[in-house]
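These are the residues of each chain, in order.
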Amino acid sequence: MAKQTDLLILGGGTGGYVAAIRAAQKGLDVTIVEKYKLGGTCLHKGCIPTKALLRSAEVADTVKQAELFGINNQSDYSVDFKKVQNRKQEIINQLHKGVEGLCKKNKITVLEGTGAILGPSIFSPVSGAVAVTFNDESLEEEIIVPKYVIIATGSSPKSLPNLKIDEQTILSSDGMLELTELPESIAIVGGGVIGVEWASLLNSLGVQVTIVEFLDRLLINESKAVSRELKKRFEEAGIKVLLSSKVQDATKVGDKLSLAIDGQDSITVDKVMVAIGRQPNVNGIGLQNTSVEFDEKGVKVNEFYQTTEDHIYAIGDCIDTMQLAHVAMKEGELAVSHLLGEETAILNYTNVPRCVYTTPEIASVGYVKETVPADKKVKIGSFSFAGNGKALVYGDAQGFVEVIRDEVTDDLLGVTIIGPHATDLISEASTAIYLDASPIELGEAIHPHPTLSEAIQEAALDSYKLAIHK
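- An unreviewed UniProt entry lists the protein chain under the name Dihydrolipoyl dehydrogenase, from Vagococcus penaei.
- Recorded under Catalytic activity (unreviewed entry), the UniProt text for the protein chain is reproduced unchanged: "N(6)-[(R)-dihydrolipoyl]-L-lysyl-[protein] + NAD(+) = N(6)-[(R)-lipoyl]-L-lysyl-[protein] + NADH + H(+)".
- UniProt annotates the protein chain under Sequence similarities (unreviewed entry) with the comment "Belongs to the class-I pyridine nucleotide-disulfide oxidoreductase family."

Here you go:
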């Protein structure tokens, strides 16, 4: 006999479990169907593991630079990659237990298996019943009939036809996280967020890194100034950056790969990482049984995350919005709010903070120079970390902050940071935009001294030509 529930969430990743908790807090009976582990890509194969590796890389950089701080450096230090990976896994395991505990605390039913959405049937007169096939093959398939469905099936790494991923020599980000030892050399195909983060951490851990990017700059969604600064810093660190380049072919040469690259000399490397983005997981979940519209970009939804069947919602990487964990979380909360009939705000994706955890760190919120609408008259304030006392004390005074101000309305339109702790600093700017603060309010608010946040204050004041230390 089919089981009933108020809300079934297909996928227990970041967006899915956050939506589940919010719905349970509101009194709904909630069921999650998750085929792998709660936490999804972000916790197990993305955000958390890569940041754990990046932290180890940062420590390695600190050891290399110890003499600059008056600490005699041991020149024979080494990277124990097995310990690096073990530390990463310990962090994942702790957070995974935490998510499991939260679901248990909120009395959320978690089914370990795969779900397929059914069309109208004997179980329900409308689409939305879900057939669950359990990972434990001894259990029989179960039919769940929910009042509402949220599809939160996430995404998977994209591949290239001429670089077939085998997770041995040619790897996706998933395969990279399973490496047991570091290669001597690697080519990373793709200069987006995933590619540059891996380039940064591998370089710091002693790997010879080459980035091959088809476009004419790294991080195409950030400002050109940030792209130039990142390329300069990467090249100073020994990373080879090939822009406007395309891998034509990969040939096995013993245990290595020889890559033929348009307009460049061929290169020979131990490993190749394909980092050209991610594709939504929309196949194999029964959408063909419904009238829900979807394509290669994902499930089609309205501004409240409803599909073309209004009791079925979709959030996160499986829809055509920003593929960020914090975006999926917010979309999940808003979808639950809407299906409950609450007044629901519409998410302004321009004002979502964006972070890149390279060395140097990069973060932005709102517009960058190149994306400011043509009808807006703006002033741009800037401040270099070279003029910031805490950055000098910290030993990383490269980079800058840019603040964009609307001259007519005095609105804060955007903030970009490249430099130390940018991914933490951006929250001040994000909060300021959310609260509709003007740059002068950001600049006149007292900032403690010495702190890195003073760079934001100075850049905000500079948009009025009022910076004190510039």
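Right, picking up where we left off after that structure.
Topic: the overall build of the protein chain
Part 1: Scanning the protein chain from terminus to terminus reveals twelve helices and 23 strands.
Part 2: Relative to the globule expectation of 23 Å for 470 residues, the C-alpha radius of gyration of the protein chain, 24 Å, shows essentially globular dimensions.
Part 3: A principal-axis box enclosing the C-alpha atoms of the protein chain has dimensions of 70 × 65 × 40 Å.
Part 4: Classification of the 470 residues of the protein chain by burial places 53% in the buried group.
Part 5: Within the protein chain, contacts between residues separated by at least 24 positions form 61% of all contacts whose residues are at least 6 apart in sequence.
Part 6: In the form shown here, the protein chain has an accessible surface area of approximately 22500 Å², with 50% of it arising from carbon and sulfur atoms.

A look at helix 4 (residues 81-105)
Part 1: The end-to-end C-alpha distance of helix 4, which contains 25 residues, comes to 36 Å, matching closely the 36 Å that a straight helix rising 1.5 Å per residue would cover.
Part 2: Each element contacted by the buried residues of helix 4 is listed here: helix 1 (14-25), strand 2 (30-34), helix 2 (40-45), helix 3 (47-64), strand 3 (109-117) and helix 5 (173-176).
Part 3: Positive backbone phi, at 55°, marks Lys107, one or two positions downstream of helix 4.

Focus: unusual backbone geometry
Note on backbone geometry: most residues besides glycine have negative phi, and most peptide bonds are trans.
Part 1: Between Thr359 and the following residue, Pro360, the backbone shows a cis peptide bond with an omega angle of 5°.
Part 2: Following the sequence through the fold, Pro360 ends up in the loop between strand 19 (354-356) and strand 20 (362-366).
Part 3: Cis peptide bonds are those with omega within 30 degrees of zero, and the linkage from His449 to Pro450 qualifies with 0°.
Part 4: Following the sequence through the fold, Pro450 ends up in the loop between helix 11 (439-444) and helix 12 (454-462).
Part 5: For Glu167, which is not a glycine, the phi torsion comes out positive at approximately 60°.
Part 6: The topology assignment puts Glu167 in the loop between strand 6 (155-157) and strand 7 (170-171).
Part 7: Phi is positive for His421, close to 55°, though the residue is something other than glycine.
Part 8: By relative accessible area, which is 29% here, His421 ends up partly exposed.

Comments concerning the sheet that holds strand 14 (residues 271-274)
The strands that make up a sheet are held in pairs by hydrogen bonds between backbone atoms, and each pair lies either parallel or antiparallel.
Part 1: Here five strands make up an open sheet; going across it, the order is 7-14-8-9-10 and the pairing parallel. In the strand order of this sheet, the two ends are held by strand 7 and strand 10 (240-242), each with one partner.
Part 2: Pairing of strand 7 with strand 14 involves two bridges; the strand directions are parallel. Pairing of Ile170 across the sheet is with Val272, part of strand 14.

A closer look at a negative patch on the surface
Part 1: On the surface, Glu100, Glu112, Asp136 and Glu137 cluster together into a negatively charged patch.
Part 2: Residue position: Glu112 is located in strand 3.

Quick word on the sheet that holds strand 12 (residues 256-261)
Part 1: Within the open sheet, the three strands sit side by side as 11-12-13. Their pairing is antiparallel. The open sheet terminates on both sides in strands that have one partner only, identified here as strand 11 (247-253) and strand 13 (267-269). This sheet shows a mean twist of 25° between the axes of neighbouring strands, independent of strand direction.
Part 2: Sheet topology note: the strand 12/strand 13 ladder contains three bridges and is antiparallel. Its bridge partner lying in strand 13, Ser258 is registered against Thr268.

Thoughts on the pattern of salt bridges
Part 1: Taken as a whole, this structure holds 18 salt bridges when the rule is applied.
Part 2: Between Glu58 and Arg55 there is a salt bridge whose closest N-O contact spans 2.6 Å. Here Arg55 and Glu58 lie together in helix 3, a separation of three residues that amounts to about one turn.
Part 3: Between Asp270 and Lys256 there is a salt bridge; the shortest N-O distance is 2.5 Å. Highlighted residues: Asp270 in the loop between strand 13 and strand 14 and Lys256 in strand 12, separated in sequence by 14 residues.
Part 4: A relative accessible area of 14% places Asp270 in the buried class.
Part 5: Linked by salt bridges that have partners in common, Arg22, Lys330 and Glu333 make up one network.

A word on the packing of helix 3 against helix 6 (residues 193-204)
Part 1: Axis separation between helix 3 and helix 6 bottoms out at 8 Å; the angle between their running directions is 40°. In terms of orientation, helix 3 and helix 6 fall into the oblique class. As helix 3 packs across helix 6, the resulting crossing turns out to be left-handed. For the pair helix 3 and helix 6, the contacting residues are Thr50, Lys51, Leu53, Leu54, Ala57, Ala60, Asp61 and Lys64 in the first and Glu197, Trp198, Leu201, Asn203 and Ser204 in the second.
Part 2: Along the lines of polarity and charge, the residues of the contact of helix 3 with helix 6 split into six nonpolar, three polar and four charged.

What about the environment of Leu160?
Part 1: Mapped onto the secondary structure, Leu160 falls in the loop between strand 6 and strand 7.
Part 2: A relative accessible area of 26% means that Leu160 is categorised as partly exposed.
Part 3: Sequence separation of Leu160 and Val274 is 114 residues, and the distance between their C-alpha atoms is 7.8 Å.
Part 4: Not counting chain neighbours up to four residues away, the residues in contact with Leu160 comprise Val189, Val274 and Ile276.

Looking at the packing of helix 3 against helix 4
Part 1: At a minimum axis separation of 9 Å, helix 3 and helix 4 run at an interaxial angle of 140°. Relative to helix 4, the element helix 3 lies oblique. The interaxial crossing formed by helix 3 with helix 4 has right-handed handedness. Residues Ile48, Pro49, Ala52, Leu53, Arg55 and Ser56 of helix 3 lie in contact with helix 4, whose contacting residues are Val84, Gln85, Arg87, Lys88, Ile91, Ile92 and Leu95.
Part 2: Of the residues in the contact of helix 3 with helix 4, the class split is eight nonpolar, two polar and three charged.

What counts, and where the lines are drawn
Residues numbered from 1 in each chain as written. Predicted model: local features only at pLDDT ≥ 70, side-chain atom pairs only at ≥ 80, totals over all residues. Heavy atoms only, no water. UniProt positions renumbered as here; feature names shortened; annotations may be inferred. Helix = DSSP H or I, 4+ residues; strand = E, 2+ residues; numbered from the N terminus. Rg over C-alpha atoms; globule rule 2.2 N^0.38 Å. Buried < 20%, exposed > 50% of the residue type's maximum accessible area, 1.4 Å probe, protein only. Contact = heavy atoms within 4.5 Å. Areas by Shrake-Rupley, 256 points an atom, 1.4 Å probe, with all protein chains shown as cover. Expected span 1.5 Å × (residues − 1). Pairing = 2+ DSSP bridges. Patch = residues over 30% accessible without salt bridge, like charges linked within 9 Å, V, L, I, M, F, W, Y side chains within 5 Å. Salt bridge = Lys/Arg side-chain N within 4 Å of Asp/Glu carboxyl O. Lys, Arg positive; Asp, Glu negative; His and termini not counted. Charge placed at Lys NZ, Arg CZ, Asp CG, Glu CD. Axes fitted to C-alpha atoms, helices over the stretch in contact; angles between N-to-C directions. Parallel < 35°, antiparallel > 145°, perpendicular 65-115°, else oblique. Left-handed = near helix turned anticlockwise from the far one by under 90°. Nonpolar A, V, L, I, M, F, W, Y, C, P; charged D, E, K, R; others polar.

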